[in-house]
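Residues per chain, in single letters:
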Amino acid sequence: MAEKMELNEIEVWDGNYAASQALRQAQVDVVAAYPITPSTPIVESYGAYVANGYVDGEFVMVESEHAAMSGCVGAAAAGGRVATATSSQGFMLMIEVLYQASGMRLPIVLTVVNRAVASPLNVRGDHGDMYAGRDSGWVQIDAFNAQEAYDLTLCAFKIGEDMDVRLPVMVHQDGFVTSHTAQNVKPLQDDVAYNFIGKYQPYEEMLDFTKAVTYGAQTEEDWHYEHKAKQHKALMDSRDVIDRVFAEYKELTGREYNRVEKYFMDDAEVAIVALGSAVETARYAAEELRKEGIKAGVVAPRCFRPFAFDGIREALENVKAVSTLDRSCPMGAMGTLFNEVSAALYTTEKRPLVSNYIYGLGGRDFSVAEAKRIFKEQKAHADAGHLTTPIQQFSGLRGPKLGFFETKRGN
Amino acid sequence: MIEIRWHSRAGQGAVTGAKGLGDVVSRTGKEVQAFALYGSAKRGAAMNAYNRIDDKPIINHETGMEPDYVLVIDPALAFTDNITANDKPTTKYIITTNLTKDELISQIPALQDKKDRVFVVDAIQISLDTIGRSMPNTPMLGALMKVSGMYDLDFFLESMKRVLAKFPQKIIDANMAAMTRAYNEVK
């Protein structure tokens, strides 16, 4: 039996250590990993837990991230609870296998510490890797701080392993800003955490020799489409399970999570939609602006996938102007959050004004002052009744001002 | 909200110092944040570490701050880093140096109008004498306790013993001696 670890009621952990503790408490059977900055400490800590007797699991060192995720697929198909961690280029190398994992319906947990994708090389954070995973068929949950990285990693096992879901789950956190920032974290004791997730329930496991099964079969045109549609439906239907797991977690800890997080939205006139640590910085700015009489609010998709089309619509349909903040360079298009939020709001009666900021690429700082400026710009849009700037702009960019596309509404 | 900026070289323990301080502070019911800006910097490169301390959860994640305390744990960085960046009329400076306060200030123009807010301590020499190697992070925390009055020395030492619990007793004792000396010697 694995040894228990005594944890204080309040620990000071960074996001990486918080995620690693969640993997330990989940008693993951197999971690196959190829460490990469800034997520290295997650698997490094897990390796230490195994070596020191805190986990009855296997830590498999492999030769690449492609092999890491392949090892995870094998171990999960065999019937084990499986997890790993990666970032950036490592994530990119995993992508081919990410689709294999979701297509085989294997509830692997991948903790992703978001980092910019080269070239140019950069270890600091943006959401380029997270966005590259959005069609891979995984549940993608986003943590905005270290406490959430811990909580949501625990929840990830329970969501992915639910018999009505059986899909792999990524838990994202921002490189350095979350992964290397130590903050107060309230962990659960080992037994409480483990009992919340529960014992791993294998399904069609390959190590059950009484019942032979095939994973990753070739289907060609005959069944591929039906398989993919079923997989898409499973991801859509996971919304109810996610809600239920979040509700159970709140019951246990008092900490509330929702597929769409809303801050100051009851009477908000202007809003920022964002992911990651910028959500909290924007909250801070909104709270300050409210003292100046600007009714600012923040909306954050806690689940990037499945995307809460309905939840986003309900959260934003009564505001006047929304700025969607994308921390990934869309390269020749509008940002993903802009596209998805706009699509949801297009189906409402009032159709709030929506604009797009690209920000924070490669770890460029996102400040409270900048969040306030963006809120005030939304207020100007709202007062004018139409967008007063190009639809897509760049926050915190040096050099000439960059902007694309003008609105055709209200001018 | 109290904000602290560390000026250090990678390897001198600023991150450990910032996290250690965070650990102690968290045990007194306060919320903390400890982070660093170092990217893929190598040992010896100039870097910054930061602390925020507040009574409520800290949700500001920007790296910029107007520090209440600037802690310089490498003597040369007082000359080469912009240690007064984004300072306030109340910002206090604690600088590791073997110079006297007057000697140091006379060589750094940016500090000349802040004399009453500059404090010096030879955290390098103190760590060499007590810990046996150049590790100025924990002595700097001792000096910070004196200058800030954040916690009394005995309480702080007891808390740091728990933070350092994973180390051998000899190293814990040496760090206690280093912090005590810095507390008494900072001026």
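Keep in mind the model is a prediction, meaning the values are calculated, not measured.

### Side note on the overall build of chain B
In step 1: A count of helices and strands for chain B gives 7 helices and 6 strands.
In step 2: When its helices and strands are written in sequence order, chain B yields β-α-β-β-β-α-β-α-β-α-α-α-α.
In step 3: A compact globule built from 187 residues would reach a C-alpha radius of gyration of about 16 Å, and chain B, at 15 Å, matches this within 12%.
In step 4: Its C-alpha atoms put chain B at 40 × 40 × 35 Å along the principal axes.
In step 5: Across the 187 residues in chain B, those meeting the buried criterion constitute 47%.

### Points about unusual backbone geometry
Peptide bonds are trans in most cases, and residues, glycine excluded, mostly fall at negative phi.
Residues and elements named next belong to chain A.
In step 1: Between A118 and S119 the backbone carries a cis peptide bond, its omega angle lying at 5°.
In step 2: Looking at the secondary structure, you find S119 in the loop between β5 (109-114) and α5 (128-132).
In step 3: Here E220, not a glycine, exhibits a phi torsion of approximately 55°, which is positive.
In step 4: Tracing the backbone shows E220 in helix α8 (residues 220-253).
In step 5: Look at E220 and you get exposed, because 6 C-beta atoms sit within 10 Å.

### Here we look at the sheet that holds strand β7 (residues 169-174) of chain A
Residues and elements named next belong to chain A.
In step 1: Taken together, 7 strands build an open sheet; the order of strands is β3-β2-β4-β5-β7-β6-β12 and the sheet is mixed. Two strands lie at the open edges of the sheet, namely β3 (58-61) and β12 (303-305), each paired on one side alone. Across the sheet, the axes of successive neighbouring strands diverge by a mean angle of 20°, strand direction being ignored.
In step 2: For strand β2 (residues 30-33) and strand β4 (residues 82-86), the ladder comprises 2 bridges, and the chain directions are parallel. Bridging from a neighbouring strand, V31 pairs with A83 of β4.
In step 3: Lying on the sheet, helix α6 (residues 146-161) is in contact with β5, β6 (139-142) and β7; it crosses β7 at an angle near 170°.

### Let's talk about the sheet that holds strand β4 (residues 69-72) of chain B
In step 1: Reading across the sheet, the 8 strands line up as β1(A)-β8(A)-β2(B)-β3(B)-β1(B)-β4(B)-β5(B)-β6(B) and stay open at both edges, with mixed pairing between neighbours. Strands with a single pairing partner mark the edges of an open sheet, and in this sheet they are β1 (11-13) of chain A together with β6 (118-121) of chain B. Sheet twist, expressed as the average angle between the axes of neighbouring strands with direction ignored, equals 20°.
In step 2: Bridge count between strand β1 (residues 2-9) of chain B and β4(B): 4 bridges; the pairing is parallel.

What counts and how
Chains are numbered independently. Their residues run from 1 in the order of the written sequence. Here the convention is simple: chains get letters from A, ligands get numbers from 1, in the order in which they are written. Side-chain atom pairs in this predicted model are given and counted only at pLDDT of 80 or more, local residue features only at pLDDT of at least 70, and totals for whole chains, interfaces and linings cover all residues. Starting at the N terminus, helices and strands are each numbered in turn, a helix being any DSSP run of H or I of at least four residues and a strand any DSSP run of E of at least two. Both definitions apply: the radius of gyration is a C-alpha atom measure, and the globule rule equals 2.2 Å times residues to the power 0.38. We call a residue exposed when 12 or fewer other C-beta atoms sit within 10 Å of its C-beta, buried when the count reaches 20 or more, and partly exposed for counts in between; the C-beta positions come from the backbone. Pairing between two strands is assigned when DSSP locates at least 2 bridges connecting them. Note on geometry: axes are C-alpha line fits, over the in-contact stretch for helices, and angles between N-to-C directions span 0 to 180 degrees. Two residues qualify as being in contact provided that their C-beta atoms, derived from the backbone, are within 7 Å of each other.

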